[in-house]
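Commentary on secondary and tertiary structure
Chain by chain, the residues run as shown.
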Amino acid sequence: QAQFVESGGGSVQPGGSLRLSCVASGFTLDNYAIAWFRQAPGKEREWVSCIISRGERTTYADSVKGRFTMSRDNADNTMYLQMNTLNPEDTGVYYCARRPTRYLGCVSADASYTSWGVGTQVTVSS
């Protein structure tokens, strides 16, 4: 049973940084597409980033390109999202998610991901 535990969220001022972690259990990361999503109150869940863990290919939403970096540590079965130059629009609950089968590619539709963590709150305010 695939499970995720997100951590690393918190409250920061604009321009600050956070590093989110997503520890996976019940499977190994190799060849899975793993994504970060976020959701602000009153808004739909928004795709942020995705990685194909074995190949280390990453993609990013336009809103976070150049500021966020996704990575993974296969030895620790953990995904990371380094978030720099945060702004208030980055506020939301951040989730990691996995597509159902190995070798599927990264996509931005949340319905394409079937395993989810419960999320970690990120608040950026001045």
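See the structure printed just above.
This is a predicted model, so every value here is computed, not measured.

Focus on the state of the cysteines
Two cysteines form a disulfide when their sulfur atoms are joined by a covalent bond. Scanning all chains against the criterion turns up two disulfides. Note that Cys 22 is cross-linked by a disulfide to Cys 96, the S-S spacing being 1.8 Å. One quick way to see it: the torsion about the S-S bond of Cys 22 and Cys 96 is about 65 degrees, and its sign makes the bridge right-handed. You can see Cys 22 sitting in strand S3 (residues 18-25) and its partner Cys 96 sitting in strand S9 (residues 92-98), a full 74 residues away along the chain. The class for Cys 22 is buried, based on a relative accessible area of 0%. Covalently, Cys 50 is tied to Cys 106 through a disulfide, its sulfur atoms 2.0 Å apart. Its S-S torsion of about -80 degrees marks the bond between Cys 50 and Cys 106 as left-handed, since a negative value means left-handed. Remark: Cys 106 occurs in the loop between S9 and strand S10 (115-116) and Cys 50 occurs in strand S5 (residues 46-52); sequence separation between them is 56 residues. Look at Cys 50 and you get buried, because its relative accessible area is 0%. The class for Cys 106 is partly exposed, based on a relative accessible area of 28%. Taken N- to C-terminal, the disulfide-bonded cysteines of the protein are connected 1-3, 2-4.

What counts and how
Residues numbered from 1 in each chain as written. Predicted model: local features only at pLDDT ≥ 70, side-chain atom pairs only at ≥ 80, totals over all residues. Heavy atoms only, no water. Disulfide = S-S within 2.5 Å. Helix = DSSP H or I, 4+ residues; strand = E, 2+ residues; numbered from the N terminus. Buried < 20%, exposed > 50% of the residue type's maximum accessible area, 1.4 Å probe, protein only.

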